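# Structural overview
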Amino acid sequence: MARALWKGAISFGLIHIPVELFPAEQRDELDLTLLDRRDFAPVGYRRVNKHSGEEVPRDDIVKGYQYEEDQYVVLSDDELKSANVKATQTVDLIAFVDADEIEPLYFDQPYYLAPTRGGAKVYALLRETLRRAGKVGIGQVVIRTRQHLAALMPVGDVLLLDTLRYAHELRDSAQLPLPEGDLEAAGVAEREVKMALSLVESMSEAWQPAQYRDRYRDDVLALIERKVRSKQVHAIAAPVEDDEAAPAGDNVVDLMALLKRSLDSAKPAKSAARKAPAKTSTARARKRA
């Protein structure tokens, strides 16, 4: 299990629930090293003093806030915490809202909250209360050096804390060149909507997140393996020209024909998926176990 980011409490009214905060996301990114193409030696990320040009030992690095050009106030981790001890140790719930009221673009980063000693009963009470009420707790919490808006919600047996973007952090979509909301003005016919709805219906299925994979990562790893096997580890391939040019924006397409072809191809694929034995998720689960 990941190490707790901090230990604190959930607080609302007079209720106080001791908890630990854990990251709920595990990034599965390719770890690529920067290399000098002349001798393929690692370049790395250096911590360099911008005045002397010398590398700085990790123990000599401190945090500072620039209040004037080239003038800094040095702040230790303890000082950052002492600025507002309660804020850095508490998920302070200030309101409860309907779960479906929060628009998806507000959600940012998920975390797990687990009860610490003496907090299990009240943790379970809050979890069940939120579930029965269909509500999400809205609060604020300091993680590292920033106070986040956050939503607290029950997901199975865990209380999930999802940090939210503040409203002022979101750009106004009115600046974008969007088609008009009126279908007729946008040039969309009702029969096209009905055909698109049929396509969506033919591709609809239960949400099974375990069946989706980062296939691009798999393909890159396969490419790496081929280069190792062929002893071409230092070969840099020439750029590949894309034969399929993107269609021009003003191209006139037969949307109904495209929708019909999509619908026809979706039906056999879904039929085959239904007939296939549902053992993929189980196999992956065993592999992870």
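This structure is a prediction, so every number in the text was calculated from the model and none was measured. (Residues numbered from 1 in each chain as written. Predicted model: local features only at pLDDT ≥ 70, side-chain atom pairs only at ≥ 80, totals over all residues. Heavy atoms only, no water.)

## What about the overall build of the chain?
For clarity, the cut-off: A run of H or I in DSSP counts as a helix once it spans at least four residues, and a run of E counts as a strand once it spans at least two, with each numbered from the N terminus. The cut-offs for exposure are 20% and 50% of the maximum accessible area for each residue type, with area from a 1.4 Å probe on protein chains only; residues under the lower value are buried, those over the upper are exposed, and the others partly exposed. Here, two residues are considered to be in contact whenever any of their heavy atoms come within 4.5 Å of each other. Accessible surface area values rest on a Shrake-Rupley calculation with a 1.4 Å probe, where residue burial reflects the displayed protein chains alone.
Per the secondary structure count, the chain includes 8 helices and 11 strands. Looking at the 289 residues of the chain, the share that counts as buried comes to 19%. Excluding contacts between residues fewer than 6 apart, the proportion of contacts in the chain whose partners are at least 24 apart in sequence is 60%. Accessible surface, the chain as shown: approximately 23100 Å² in total, 53% of it carbon and sulfur.

## Here's the deal with the environment of K121
Within the secondary structure layout, K121 lies in helix α3 (residues 120-133). Residue class for K121 comes out exposed when judged on its relative accessible area of 74%. Distance from K121 to I17, taken between C-alpha atoms, is 8.9 Å for residues 104 residues apart in sequence.

## Some points on the nonpolar core
This is how it is decided: Put simply, a nonpolar core is a bunch of buried Ala, Val, Leu, Ile, Met, Phe, Trp, Tyr and Cys residues held in one set by side-chain atoms that sit within 4.5 Å of each other.
Judged by nonpolar contacts, the single largest core of 18 residues is most densely connected at I10, V91, L113, L152, L159 and L161. In contact with I10, not counting residues within four places along its chain, are I15, H16, I17, V19, V91, L93, L113, L126, L152 and L159. Counting residues in hydrophobic clusters, the runner-up holds 7 residues, among them I102, I138, A151 and L164.

## Quick look at the side chain of H148
By secondary structure assignment, the location of H148 is in strand β10 (residues 146-155). Residue H148 is classed as buried on the basis of its relative accessible area of 12%.

## A closer look at the sheet that holds strand β9 (residues 135-143)
Heads up, the rule is: Think of it this way: DSSP has to see at least two bridges between two strands before they count as a pair. Here, axes are lines fitted to C-alpha atoms. For helices the fit covers the stretch in contact, and angles between N-to-C directions go from 0 to 180 degrees.
Around the barrel, which closes on itself, the 7 strands sit in the order β1-β2-β8-β11-β10-β9-β7 with mixed pairing between neighbours. The mean angle between the axes of side-by-side strands here comes to 40°, regardless of whether they run parallel or antiparallel. Here β9 runs beside β10; their pairing, made up of 7 bridges, is antiparallel. By the bridge assignment, I138 is partnered in β10 with A151. Against the sheet, α3 engages β1 (6-12), β2 (15-23), β7 (90-98), β8 (107-115), β9, β10 and β11 (158-164), with an angle of about 70° to β11.

## Let's talk about the pattern of salt bridges
The following threshold applies: By convention in these notes, a salt bridge is any Lys or Arg side-chain nitrogen within 4 Å of a carboxyl oxygen on Asp or Glu.
Counted according to the given criterion, the structure contains 9 salt bridges. Here E128 makes a salt bridge to R131, at a shortest N to O gap of 3.1 Å. Of this pair, E128 and R131 are both found in helix α3, 3 residues apart, which corresponds to roughly one turn of the helix. Across the salt bridge formed by E169 and R146, the nearest N and O atoms sit 2.2 Å from each other. Of this pair, E169 sits in the loop between β11 and α4 (183-186) while R146 sits in strand β10, placing them 23 residues apart in sequence. What makes R146 partly exposed here is its relative accessible area of 34%. Sharing partners across several salt bridges, the network here consists of E128, R131 and R132.

## Section: a nonpolar patch on the surface
Heads up, the rule is: Residues enter patches when they are more than 30% accessible in relative terms and free of salt bridges; like-charged ones are connected within 9 Å and nonpolar ones (Val, Leu, Ile, Met, Phe, Trp, Tyr) within 5 Å.
A contiguous nonpolar patch, built from L221, I224, V228 and V233 and spanning about 320 Å² of accessible area, is present on the exposed surface. As for its position among the elements, V228 is in helix α6 (residues 215-229).

## Comments concerning the pairing of β11
Most of β11 is tucked away: 6 of the 7 residues are buried. Of the strand pairs in this sheet, β8 and β11 are connected by 6 bridges, and their pairing is antiparallel. Paired with Y111 across the bridge in β11 is L161. Judged from the 7 bridges that link them, β10 and β11 form a sheet pairing that is antiparallel. In the sheet register, M153 faces β11, and the bridge partner there is L160. The turn joining β10 and β11, which pair antiparallel and follow one another in sequence, is formed by 2 residues; a positive phi near 65° is taken by G156.

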